[in-house]
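Results of the structural survey
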Amino acid sequence: MNSGSPNGEQGTLAYAHFRVHQREDGSPWVLGMGGMGVTYKASDTRLRVEVALKVIHPARLGDPDVQRLFVREARAAARVGHPNVAAISYLEDRGAEVFYAMEFVDGLSLHAWLRRHGPLPTGQALAFAGQIAHGLAAIHGQHLIHRDLKPPNVMVVTYPEGHPRHAALADSGGCLLKIIDFGLARAVSVSAADLSDADAPLPTAGFRGTAAYASPEQCEEMADLDPRSDLYSLGCMLWELLTGRPPFVGRTHRETLNVHVSGRLPWSDVARFPPAVVAVLRGLLARSREDRFADAASAAAALADAQRLLPAGGGPDLAPPSASPAVPASTPAFVSGSRVGGSPPGSSGTRITLELPPRWWVGATAIGLLLLLGLAGIAWWRFGVRPPPPPVAGAAATPPATAEPPTVAVLRFTDLGGDAAAELFARGMSEDLLSSLAKVRGLRLISLQSTQIPTDLDRLGLAKGRRAFLEGSVRRQGSRVRITTRLTDAATSQQLWSETYERELIDAFEIQRSVAHEIARALAANLTPAEENALAERPTRNSEAYEAWLKGRTLWQSGPRTLAANEEVVQLCERAVALDPDFALAWAYLARAQNVIYFYAFDRSPERLLRARRAAETAIRLQPNLAEAHIAFARVQWFEDPNPEVLLRAYNVALAITPGNAEILTALADIHRQRDQMADALAASREAAARAPDDASKLSAVGNTLAEMRRYAEAEGWFKRSLDLAPGDPGRTLRYHLCIAERTGGWERYLEQSRALVGRMPPEQRWSEQWRTRDFRGALESLQEIKDAEIATNWQRVPKTLVTSAIHRALGDEAAALADGRAALAAMQASTAAVTVLPGWQIKLALAHARAGDPATALTLGEAALRAAPAERGAIVQLQVMDELAELCAETGQAERGCELISELLARPWWGSQLLVRYAPAYDGLRGHPRFQRLIEPRP
C-alpha cells in the first residue's frame, strides 16, 4: 500500500490498483465501518470505475480466524449475481493487505433513507420489501443465509423521473435496493466435509446479528438456522418501513433478544393497514419458523399480491406521531399536492408526501416559504450568505460553488463550582462539545482550551471572515448540571445564539447534541443523515456507568502520568464497563489508561498490552465510528507492531471520523516521522497547531519537527510562541535556547541557560540534561533521588545502574562502572518483559554487555539490533538504535564504525545535531579520530 499525507498533499491511500477518494478536508472517504473492516469509496484505476473498497481493519490483521471470515464474506457475496445484491469484483487476501472491491452503490443506506424520509407510503414499502425478498431468494439459492439483514445493510439508489430505469421501478418510486455486507453470511448447513474445506464458512458460537432484527432462533443461539431466519428479519424491516420503527426495541440488548423469543408483537400498531399487508407481516414474523413463508420467493409473491390488493388511495401512509421519527430540521421538506403514494424522492430534493386537505397544504406551504425566506435573510445579515437566485424555467440546475466552511472556535467553559473537580468537569464538557461538533463536516473547528476571553481571538487570528466562538459556563450540583452556552460572531461581536440547559448528568450527551444542532443551524451548516446518526448516539444510558467513566476521564485529564493515577483510571473504567458492557467510550479510555501504564514502562508485561488491545478492539466492535476507539487501538499498535503503514491506516480511520482533530493530527505527524516523510510530518503538525492555536505543546511539536529538519531559525519562532502561551516550562525553554545555540554556535550561552533552569526539573528529567551538559556528579545525585531501581529512557525502562555505569566511567571510576554494568546486565537478563524482543531493548542489552566487560558480545548484539530495525519498520526506532550503537562503538574502541553511524545520522532528519555531537559525553571515545574531528568541525 502507498500512503500520502493526511491532508492529501502527497497523494491518497492506495491498495493494489485501487485509490481511495479523499473528502474536501483531505481525509479518506469512509463509507462505513464495522467491527471487522472499513469501507472506503475508491477508484479502480484499471477499469476506471468507482468501487466500494472494504479493507480488513488494522486491529484485525494478524488474526487468522478473522481473516478467514473476512475472505469468506467476499467469496459468499461473489457467488450471488442479482440486481438486488451488490456485486464483488476483486479480492486480495495475501500478505499484509486483505481487502475486496465491490460495486459502488451511489445512494443512501435504507437506515439513512428512512431517517430522512420517515415511514413510506404503503405501496412503496411493499415494493421495497419485495426487492429485498428477491435479493434474498438469490442469496438463498446459493445455499447461504445472510444472518444480519437490517436497514444499514441495504442501499437505496434513486433514479429521477425520465431516467431509463425509473419506469421499471415505478412501484418503488424509482428506487433500486441492493443488499450489502455479508460479514455474517454462512452456509445453510455445515457438514464435516465443509469443515475440512479451507473455504467453508466458519461456524460461530453465541448470538450473531443485530438484536432489533434477529429471529427468535437467532436470539436463542440455535445452531440449525435456515433461510427463514432472514425472512423474519425482512418482516422487522417491513414493519419499520410502514411505521417508522421495528416491532421490538428493548431498553437493553438482552431485553431485545428476550422479547423476540417470548414477547407479543404490538399488532395494534399496524391494525390500520389493509388486511393483506398485515397477513404478509404475520407470514414473515411468525415466532415459529414453520409458520413463516416457505422461502423468499413465496414471500416476494405475497408482497406483490398485497400491493395489487391495495385500495386506490394506497392505504394509510401517516404513522401516529409517537411512531414516526421527526424529519431532521436540516432536511428541506417539500409538501406535494399529488395523491398519496405519488412521486417519492428524486434527485431534485427530498420529497415527503402528506395526505392533507388543500387549505392545510396551502397554509403549510406559505408558512414554509416565509420561514425559508426569513432564515435566508438572517444568514445574509449575519454572515453575508446570500440565498440562491430563483430557478429559471427550463434551465439546468447548477450546483452551488463550494464555499469555505465557517469556523467555530470552542473556548474552555468556565466552571461555577469553584474547585478543581468542577474546573476539570467544565474542561471536559467543552472538549466533549468539540468532539461532537467535529462530526459535522460543514464546520471547521478550532480548540481554544486555554483561552477564556474573546479578546484573545484577535491575537490568534480568528476575527476574520465567517468565524464565531462558542463559550459557556458549567455548574454541577450532585446529579444535575446547568450549562449555559453562547455563540458569538467573531467579527462583529454580535450574539448569534444562546441557551441554558438544566438536566440530569446522564443527559449531558443530549445537551451536546442540541448545541451541535443549534450551531450548525446558526452557521447554515447542513447536517447529513450520517452526521445526524453520529450526533444521536448516546454512549450509555446507565447513570452509574457514566458517573464512573466521568470520574476516570476527569482523572485522565488532570494529567498525572503516575502508575497510581492510571491504575485508578483503569479501575473506574472497568467499573463502567462492568455496569454497561456496551459502553464503547469507557472501553476506549480503559485501553488508553492501560497503554499509558505500558508506555511509561510502569508495567511492560505482555498481559498489560493484551488487556489494552482487547479493550480497544471491544470499543471498535461496539462503536466502529468512535474516533477515541481507533486512537486507542493505534496507540496499542505502536508497541505491538510499529509498522508505520499499519499505524497510518488506523489513524486515518480516526481522522475520517473527526476531521481536523488536533490529537490525531499530532499522532499522524509522529507516524510520518516514523516513515521518514518529514514534509508530511511538518504539514500534519502545523495543521494540528492551527486547530489548537493556544496549545503550547502543539506549537512546540512544530518546533521539534523543524529542529529535526535542521531549520533552526523557524523552529526558534515556534518555540518562542509556545513559551508566550505557557512561560516557565524548563524543557521548552531549553529547546528554544538550543535552537539559538545551533543557529549562532553559542554553546556557552546555552550552558548558562541550562544551569539556571535544570534545578526546576524533576530528577527523572534533570539527570539527562546534566549528563548532556557534562555535570556528571550532578547527574549521579539526581539519579540517587529516584527511588525506583529502573528509569525510563528512550521509551524503554532499564536498570538505573545501566546509566550510572556510564557516568562512573566518565568520572574515571572504572571499578564502580564495571560493578554497575554487571548489575545492569544481570537485571536485564532476568527480565521476561515483552519488550525484550524489541530493537530498542536489544541495543540497551548490548550496552549492558559492554559495560559489564564483554565487548565482543555487545557488538554482535548491537549490530543485530540495527538489522532488526529497518527504516520501513520505523525511522524513529532505527535512528535511536543507530545513535546508541554509535555510543557502543565509542565505548568499545570501534571508532571507524562509530563515525560511519554518526555521519549517516547527521545526514538524516534527527533530534541530534552537529553541535550536540560535538559536546556529547557518549562519544568521548571517538575524540581524536580524524573522521570524527571532521564531522564536528563548525560549518559556515
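Please refer to the structure placed before this passage.
Observations regarding the sheet that holds strand E11 (residues 175-179)
The strands that make up a sheet are held in pairs by hydrogen bonds between backbone atoms, and each pair lies either parallel or antiparallel. Taken together, three strands build an open sheet; the order of strands is E8-E10-E11 and the sheet is antiparallel. The outermost strands of the open sheet, each flanked by one partner alone, are strand E8 (108-109) and E11. Two elements, E8 and strand E10 (residues 154-158), share two bridges in a ladder whose sense is antiparallel. What sits directly across from Leu108, in E10, is Val156.

Regarding the side chain of Thr773
For Thr773, the location among the structural elements is in the loop between helix H27 (763-772) and helix H28 (776-785). For Thr773, a relative accessible area of 16% puts it in the buried group. Each residue touching Thr773, except ones within four places of it in the same chain, is listed here: Tyr750, Leu751 and Ser754.

What about the pairing of strand E18 (residues 467-477)?
One ladder, built from four bridges, connects strand E15 (residues 407-411) with E18; its direction is parallel. Counted as the bridge partner of Val408 is Ala468 from E18. The pairing of strand E16 (residues 414-415) with E18 spans two bridges and is classified as parallel. Along E18, the bridge assignment pairs Thr414 with Ser473. Two elements, E18 and strand E19 (residues 480-489), share ten bridges in a ladder whose sense is antiparallel. Opposite Arg475, over in E19, you have Arg482 as the bridge partner.

Comments concerning the packing of helix H3 (residues 122-141) against helix H6 (residues 228-243)
Any two packed helices are characterised by how steeply their axes cross, that is the angle between the axes, and by the distance between the axes. As a packed pair, H3 and H6 sit with axes 9 Å apart at the nearest point and diverge in direction by 160°. The angle between the axes of H3 and H6 places the two elements in the roughly antiparallel class. For the pair H3 and H6, the sense of crossing is right-handed. Counted together, Thr122, Ala125, Leu126, Phe128, Ala129, Ile132, Ala133, Leu136 and His140 of H3 and Asp230, Leu231, Leu234, Met237, Leu238, Leu241 and Leu242 of H6 form the full contact between these two elements. Its residues assigned to classes, the contact of H3 with H6 shows 13 nonpolar, two polar and one charged.

A few points about the pairing of E15
Among the five residues of E15, five are classified as buried, and the element is accordingly described as predominantly covered. Going residue by residue along E15, you find Thr407, Ala409 and Leu411 tucked away on one face and Val408 and Val410 tucked away on the opposite face as well. In this sheet, strand E17 (residues 444-448) lies alongside E15 in parallel orientation, the contact comprising five bridges. Its bridge partner being in E17, Val410 is matched across the sheet by Ser447.

The rules behind the values
Residues numbered from 1 in each chain as written. Predicted model: local features only at pLDDT ≥ 70, side-chain atom pairs only at ≥ 80, totals over all residues. Heavy atoms only, no water. Pairing = 2+ DSSP bridges. Helix = DSSP H or I, 4+ residues; strand = E, 2+ residues; numbered from the N terminus. Buried < 20%, exposed > 50% of the residue type's maximum accessible area, 1.4 Å probe, protein only. Contact = heavy atoms within 4.5 Å. Axes fitted to C-alpha atoms, helices over the stretch in contact; angles between N-to-C directions. Parallel < 35°, antiparallel > 145°, perpendicular 65-115°, else oblique. Left-handed = near helix turned anticlockwise from the far one by under 90°. Nonpolar A, V, L, I, M, F, W, Y, C, P; charged D, E, K, R; others polar.

Keep in mind that these numbers describe shape and distance, not what the molecule does.
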